[in-house]
Amino acid sequence: MKAWNNAGLPLESVGQMTVHEIKRTGKKLQILDVRAPAEWSAGHIPNARHVFLGELREDLGKLDKGKPTAVYCDSGYRASIATSILQQQGFGSVWNIPGSWQAWKNAGFPVEKE
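Rules used throughout
- Residues numbered from 1 in each chain as written.
- Predicted model: local features only at pLDDT ≥ 70, side-chain atom pairs only at ≥ 80, totals over all residues.
- Heavy atoms only, no water.
- Phe/Tyr/Trp six-rings, centres within 6.5 Å; stacked < 30°, edge-to-face > 60°.
- Helix = DSSP H or I, 4+ residues; strand = E, 2+ residues; numbered from the N terminus.
- Buried < 20%, exposed > 50% of the residue type's maximum accessible area, 1.4 Å probe, protein only.

To continue, consider the packing of aromatic side chains. For the coordinates displayed, the defined rule picks out two aromatic pairs. Ring centres of Tyr72 and Trp101 lie 6.3 Å apart, and the angle between their planes is 25°; this geometry places the pair in the stacked category. Placement of the pair is Tyr72 in strand S4 (residues 69–72) and Trp101 in helix H5 (residues 100–106), with a sequence separation of 29 residues. For the ring pair Trp104 and Phe109, a centre distance of 4.9 Å and an interplane angle of 65° mean the geometry is edge-to-face. Comparing Trp104 with Phe109 shows no difference in burial state: the two are buried.

The structure is reproduced here in structure tokens:
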């Protein structure tokens, strides 16, 4: 990052939305889970959509570019990568969910299972 900053290259930022905000906002958002299929099957945020991070570029057509999108994984690392990909591909409003799945579960919020 230091070399990038020193070169004067442009920076993008991704908004953050807490699990509490996600729960309040509900169906107004497209909630995207980018965890592995086994993680998804074990439990996920209700009404979330699942696209594994490793297949995200190929499966972008499954998502609505015009709908605000909040992305989560297990702890937040993969979600950060996914939000960058979505921004590169022209998704307008994209947020990372800090703490992601761990924060959702630890807050005691409802969980859906396959």
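Don't stop here, the text continues.
Moving on to unusual backbone geometry. Backbone geometry places Asn47, a non-glycine residue, at a positive phi of 70°. Among the secondary structure elements, Asn47 is positioned in the loop between helix H3 (37–42) and strand S3 (49–50). Judged by its relative accessible area of 48%, Asn47 falls in the partly exposed class. One non-glycine residue with positive phi stands out, namely Ser100, at about 45°. A residue is classified by how much of its surface remains accessible, and Ser100, at 0% relative accessible area, is buried.

Note that every value here comes from positions in space, so none of it alone points to a role or purpose.
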